[in-house]
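Analysis of the macromolecular model
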Amino acid sequence: MESFGNLEWYADYRKEIGKPAKERISKEPLIAEEGTYATGLWIIRGGFARLSRLQGAGHRTLAYLGKGEIFGLQELVHNQNQSCNAPLPYQESLRAIGYVDALCIPKLTVTEHILPFVRRTELPPQLQEARYQFGQPVIDAPLETSEYSVDTGLLEFLVDRRLMNGQKTMVIDTERCTRCDDCVKACASTHGGTPVFIREGAQYGPWMFAQACMHCEDPVCMIGCPTGAIHRDRESGLVNINEQTCIGCKGCAESCPYDNVRMVTVTDGKGRAKLDHDTRLPILQASKCDMCSSSGGRPFCQAACPHDALVRIDLSDLGQVSQTLGKETQS
Amino acid sequence: MTVQSPENDVTASRPRPNAAWVCGRAALGHPCTQGPGINGRCSLLKQRSRNQDQQELTEDDSKEAKGQECTGGILSQPCQPTKSAWYSRRTLALNLALLCTGILLICMVFPEREALYVPGGLSQSHAQILGNTLVADRCSLCHPNTHDLGPEISQDDLCMNCHSAHVPDAHRRSAHDLKIDELKQILDRVPSQLVSLSPGKSQQLWNQETSCAQCHREHHGKQHDLQAITNQRCQSCHKQQFDSFEYGHPEFKNYPNAGHRSIAFDHRSHAEKYFTQKNQSFDCRQCHLDTAKNGVVGNVFRSVGFEKACGSCHSIAIQSELTNGWAFLQVPCLPEADLTMSLEFSEWPRGAVFDYDGKVSFALRLLLSTDPEMSTVLPKLPRSGDLSRVRQNDRPLVARKIAQSFRRLVNEIAAGGQVAWRKRLEAALELSLGRDPNYHEQALLQKLTIGLPPDLFRHMEQQWFRTVNRITDSDSLQETLSTRLRHVSAQLQQESDETELILGSDNDTSILESDAEEPKLQKLARLQASRHLPEGGWYLDEQLLAVRYVAQGHADPFLAAWSELLHILESHRGEGEGQHDSHVLPWRSTDAADRAFVPGSCLECHQLGKTSGANDIWANWRAKIRPASVRQFTKFDHTPHLTVPAVNDCRYCHKLESLPSQDGNQQVFKNLLADEMARSLESQPLANHMVHLEGYAEDYLSCEFVPMQRSQCVACHRPDGAGSGCTQCHNYHVGSEGFQWSTGELHGVGK
Amino acid sequence: MKGLQRRLFSVTSTVFCLAATLAVLQEVRHQLGDESTFTGWTLLASTMGLYLLSARKKWIRLKLGPVAGWLQMHMYMGVFASLVFLTHIGWPIRGKFELALAFAFVAFTGVVLGVLNRTTPRRLAAIPRDYSVDQIPALQLGVASDAHDVAMQSSVLGEGATLSEYYQRRLLPYFQSQRSLLYTLAPTGFRRRALLRELGDLDRYLGERGLQSRANLAAMIKVKDDLDFHHAIQTRLKILFAAHFALTWSLAILIAVHVVLVYRFQGAM
């Protein structure tokens with residue numbers, strides 16, 4: 001069990017956001033490097049790891065691995081099955097994005113105690129063309145080929161912005177959105193007159209990743225909340241703020257790498273700001289999307305969209321990403 | 001494609017999209033955190049006014065407020081809030097809605113408000129009528145809901161206020177305005193192929209109500225034709241679906257059908273024989289076209305009248321046929337021996353003393369039939385009425401009885417004049433009909449009485465029976481007898497001129513001999529019809545001892561009435577045969593003598609018979625003209641057709657049959673007719689006025705024309721030509737008094 | 001695909017409804033019934049259905065399915081109602097036809113709105129950055145003041161006043177003013193291209209720093225044009241929506257008056 005990177009990665013992220021991607025990737029802590037001897041099987045226990053491959057002078061992101069995903073199994077299986085040939089090295093690199101907890105099972109343990117007990121059909125498919133072979137030159141694969149049918153550019157974008165963290169990311173198809181603001185209005189009318197998200201945000205192609213709480217897999221906003229007002233709901237897994245205990249310290253808002261938490265004045269039912277009794281200044285509290293959890297079911301913003309432009313997807317799941325965003329981006 | 005993330009200001013205010021008002025400085029990118037209030041006032045302004053209020057209360061607070069205001073710089077100045085997008089949208093909609101309501105309300109104020117709300121202009125004629133009424137009253141003339149009429153007043157009732165005159169039965173609201181039994185009769189008799197109502201509805205049809213507005217849609221503007229009905233509307237009920245007149249419309253089977261003809265006119269023989277003989281062209285228009293009048297089928301008529309149509313050839317013939325008059329009554333001839341037996345016979349005219357001879361004419365027989373003594377005698381007469389033909393044993397008695405009765409008749413009329421004459425006729429009629437004569441028959445009797453001179457009978461009484469010329473010179477007696485004998489041989493008519501010549505010369509010589517010195521007074525020659533009565537009237541025939549009537553030529557009222565009376569008697573005999581044993585009169589009145597003279601010549605052309613549509617027996621003297629008020633299912637107007645050069649010639653449509661016996665069409669009609677008759681006999685006889693089948697049958701058989709082909713009409717009548725809508729040839733509103741429906745109107749019968 | 005299925009369902013049901021309406025209409029004609037009453041009530045019902053979208057948007061809290069589905073229903077029902085409307089009024093239109101005019105206007109704007117709703121987002125998405133229409137005036141001001149600064153500074157740099165003179169003459173009106181109404185209705189890139197070309201022509205008079213300033217100005221021209229474009233297109237959509245919405249209340253009033261009048265003055269039907 002090893003830990004990589006910094007637990008409070010969001011502070012570095014803010015600093016480094018302006019730097020070129022090549023530089024940032026090379027700074028990421030390396031867990032396993034491509035072309036080196038496959039020493040074991042890596043299992044991610046927390047955080048996200050970047051699966052990358054050298055492409056020319058830079059690194060090309062192939063995927064990101066979240067909690068529970070494994071790295072290196074394919075190579076180990078290959079080496080076990082074709083033990084007569086030269087063993088294959090790691091085909092890809094694994095880097096920690098921000099902070100990663102990973103478990104390494106040594107090669108010997110895998111081959112002796114695990115592989116014999118796994119059905120052949122459950123194993124990953126045979127490597128057809130190994131890219132890295134000891135003693136052979138490396139050939140770059142064409143950029144458009146991608147194992148996960150997700151555009152590499154989108155993948156890089158999601159990782160660069162750390163968007164893969166989001167489990168309920170609001171994605172707006174700008175090719176369908178007429179900017180009618182019905183989503184915002186619906187949000188406002190169900191949240192006491194003030195919407196809890198902003199229909200703006202980073203864009204990749206037609207996709208706009210709006211500034212609405214993504215209910216991250218790794219919610220850094222929760223780190224350092226003095227009262228524990230911001231918390232993860234045990235049942236739904238949503239990150240919510242308890243209005244009763246929020247003291248408006250701005251901690252969560254400042255630590256959110258996506259600027260999805262904002263401090264707003266507390267209003268009464270008629271939209272008038274509540275003033276502090278002593279200072280006569282408006283009371284601030286953190287506000288962010290709560291996925292309309294008080295009403296249950298689908299969020300109202302999504303229901304209110306007349307053009308089906310707004311969706312909530314789990315970006316940590318590459319399958320969902322490719323299903324919802326993949327095809328249109330490719331086309 | 002990366003975008004710079006906006007500067008993270010965690011305290012930046014969130015937008016308030018549901019607020020009606022937006023801070024006036026939002027457009028500059030610096031909206032205030034609080035935003036305007038609900039009423040659209042800047043919250044700073046509100047704050048300030050509140051502070052001003054509080055200023056008087058606590059000075060600390062006001063100082064604080066002032067300080068706060070100052071710290072904000074220019075941004076703390078109150079702004080002019082603007083409406084948010086959705087709020088301005090709603091305001092616009094609201095204002096427009098208010099404007100709309102306002103306009104509607106203002107319109108209500110004007111007295112012409114009805115004119116503003118009317119859904120469309122009225123049609124030309126309605127607009128003309130309603131143009132005079134007040135605008136406010138206009139609607140209520142047709143819309144029952146608009147004034148305080150009870151629910152029982154429907155719009156149709158309001159329509160019928162004006163329209164009852166020309167569609168009198170439309171208030172029935174039934175299909176075609178027909179009565180239920182009329183509808184049933186039509187549906188019973190029409191082959192199901194033609195009219196079959198959609199299943200399940202046939203039972204309701206009798207009760208199914210229609211209303212005017214279902215077809216006549218108003219408020220479609222001035223040019224809209226209220227009577228225009230689409231063909232689809234007709235086919236709502238008439239389920240024999242076809243595309244149009246040119247495709248699928250049933251073929252004409254017998255159109256135009258002859259109908260009931262009252263004048264027997266043989267077109268073919270006239271065209272081929274008589275007109276050719278006279279070297280005249282056979283022009284249909286000469287007899288059928290009268291441009292001065294307009295009838296149901298335009299300016300074409302069955303006949304334009306005898307004078308115009310037939311007179312040029314037939315008036316002379318008729319005149320000459322009637323010159324010598326008709327022996328209405330003739331003194332029967334008895335032998336000398338019988339005369340001596342009775343005192344009455346002592347004064348019997350010498351000219352009638354010969355033998356049992358002479359004819360008892362039908363007229364005499366009729367007049368004598370009222371005599372109670374005659375009931376046993378008259379049946380013994382032969383049909384011809386010839387006394388000489390009575391059986392040998394009965395002859396003396398019969399002759400005597402008739403003579404006695406005749407004597408009484410003459411006496412009665414001489415004494416009573418026209419009154420007695422009419423009484424006799426009336427009694428006779430009553431006896432043979434077994435009922436009181438109806439008003440038509442009374443009228444006939446009156447016609448038979450008008451102009452009868454009673455002095456004729458007085459003369460008869462005085463000269464022939466009482467002042468007996470027994471000792472007249474035997475020559476004149478001989479002459480009388482010889483003439484009479486000649487008449488018996490029925491050659492009088494042909495030889496009358498000759499006779500006159502002979503007799504006239506005799507008389508002239510005697511005048512010259514006896515009264516040579518006398519002033520030139522004409523000696524009265526014997527009365528002769530051709531000389532003395534060329535214009536018609538009654539006279540006594542001294543020679544034949546008969547009362548003669550000379551007709552006035554064509555259309556003599558007396559002869560017409562007499563023929564009609566005969567026809568009535570005859571048809572009555574036909575009806576009551578077997579039950580009413582009226583042996584007084586023979587079965588056929590129109591036997592040789594009578595037929596040759598009176599009804600025969602009339603009936604050559606005039607087909608007397610029941611006129612359809614009335615229960616009484618009226619004679620069809622005139623060519624039948626359909627009354628304009630009676631609407632049939634099919635209509636036709638000749639007038640516009642005759643202006644079209646192509647059909648200008650009547651024979652385009654009305655072709656004469658070339659050879660009737662060999663023609664297939666004729667055979668088809670006969671078969672068709674036989675079916676029709678058989679069916680009508682099996683089923684219940686129709687209402688009296690519905691179909692006069694007998695006349696119909698004759699007409700059918702005597703149809704001289706090739707029936708029209710639909711293709712002849714289709715040549716012009718197509719949608720892009722003269723039009724081919726249902727209502728161009730068919731009437732919907734047929735219900736009216738005198739409506740009659742016959743299958744003749746139905747051209748699609750059969751198959 | 002879910003969208004395809006929904007579209008298929010909508011098209012099928014609309015066609016079915018139309019066919020059913022026509023069949024009933026035919027039957028009504030056959031029975032010599034009153035077509036106007038039938039089409040009128042059908043029209044009224046479908047128009048009521050059209051108002052449901054507004055209601056659904058208003059009561060967003062009620063969980064009655066996604067608004068997208070309602071909008072789709074609205075559009076297909078609008079097509080249906082328009083066709084029923086045509087059969088109801090017949091041709092030529094009779095009477096005073098304010099109601100028809102109102103309906104036609106709403107229907108027309110609805111159709112245009114439907115088309116624009118499909119086409120506009122693609123045009124907007126073609127612009128590199130997305131702008132919220134509320135922020136655009138502020139951003140325009142910002143760009144204008146930046147451009148002003150750049151242009152003013154360029155004259156101070158000692159490379160002549162070419163750029164600032166050009167700015168004064170051509171760019172100042174461009175940055176400082178709103179676009180015309182014509183541009184709002186049909187935005188074009190003529191002015192943008194013209195300005196960029198003219199600016200490019202100035203290169204020969206500029207030194208190194210001047211070129212830098214020129215490049216900055218060119219970028220700002222593009223941003224300003226993008227802003228204008230966004231503003232124009234979004235405003236156009238909003239205006240059209242306002243037009244579509246504007247007469248709906250009046251339409252409801254006119255419909256009510258129409259129904260009352262029709263039944264007050266009903267004929268014998």
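Relevant structure appears above.
Heads up: these notes are all about the structure in this document.

Criteria and cut-off values
Residues numbered from 1 in each chain as written. Chains lettered and ligands numbered in written order. Predicted model: local features only at pLDDT ≥ 70, side-chain atom pairs only at ≥ 80, totals over all residues. Buried ≥ 20, exposed ≤ 12 C-beta atoms within 10 Å, placed from the backbone. Helix = DSSP H or I, 4+ residues; strand = E, 2+ residues; numbered from the N terminus. Contact = placed C-beta atoms within 7 Å. Nonpolar A, V, L, I, M, F, W, Y, C, P; charged D, E, K, R; others polar. Pairing = 2+ DSSP bridges. Axes fitted to C-alpha atoms, helices over the stretch in contact; angles between N-to-C directions.

Next up on the list: helix α5 (residues 152–160) of chain A. The periodicity of an α-helix, 3.6 residues per turn, causes residues three or four places apart in sequence to face the same way. Along α5(A), the residues classified as buried are Leu154(A), Leu155(A), Phe157(A), Leu158(A), Val159(A) and Asp160(A). Directly beyond the C-terminal end of α5(A), a positive phi value near 60 degrees is found at Arg162(A).

So, about the interface of chain B and chain C. With 40 residues of chain B at the interface, the matching set in chain C holds 32 residues. When residues of the side of chain B that touches chain C are traced back to their parent elements, those giving at least two are α3 (85–109), α4 (113–117), α7 (155–163), α9 (212–215) and α10 (231–234) of chain B. Ranked by residue count, the leading element in the side of chain B that touches chain C is α3(B), at ten residues. When its residues are assigned to classes, the side of chain B that touches chain C shows 21 nonpolar, 16 polar and three charged.

This brings us to the environment of Asn216(C). Mapped onto the elements, Asn216(C) comes out in helix α9 (residues 208–246). Put simply, Asn216(C) and Phe85(C) are 131 residues apart on the chain and 57 Å apart in space, counted from C-alpha to C-alpha.

Residue and element names in this part refer to chain A. Taking strand neighbours across the sheet as the criterion, the four strands line up as β8-β9-β7-β14 in an open arrangement whose pairing is antiparallel. Every other strand in the sheet has two partners, leaving β8 (198–204) and β14 (310–313) as the edge strands with one partner each. Within this sheet the neighbouring strands show an average axis-to-axis angle of 40 degrees, counted without direction. Pairing geometry for strand β7 (residues 169–173) and strand β9 (residues 207–211), over three bridges, is antiparallel. Across the sheet, isoleucine 172 pairs through a bridge with methionine 208, a residue of β9.

On the side of chain C, 20 residues touch chain A, which itself brings 23 residues to the contact. Secondary structure elements with two or more residues in the side of chain A that touches chain C: α6 (182–190), β8 and α8 (300–304) of chain A. With four residues, the top contributor of residues to the side of chain A that touches chain C is α6(A). Broken down by class, the residue content of the side of chain A that touches chain C amounts to nine nonpolar, seven polar and seven charged.

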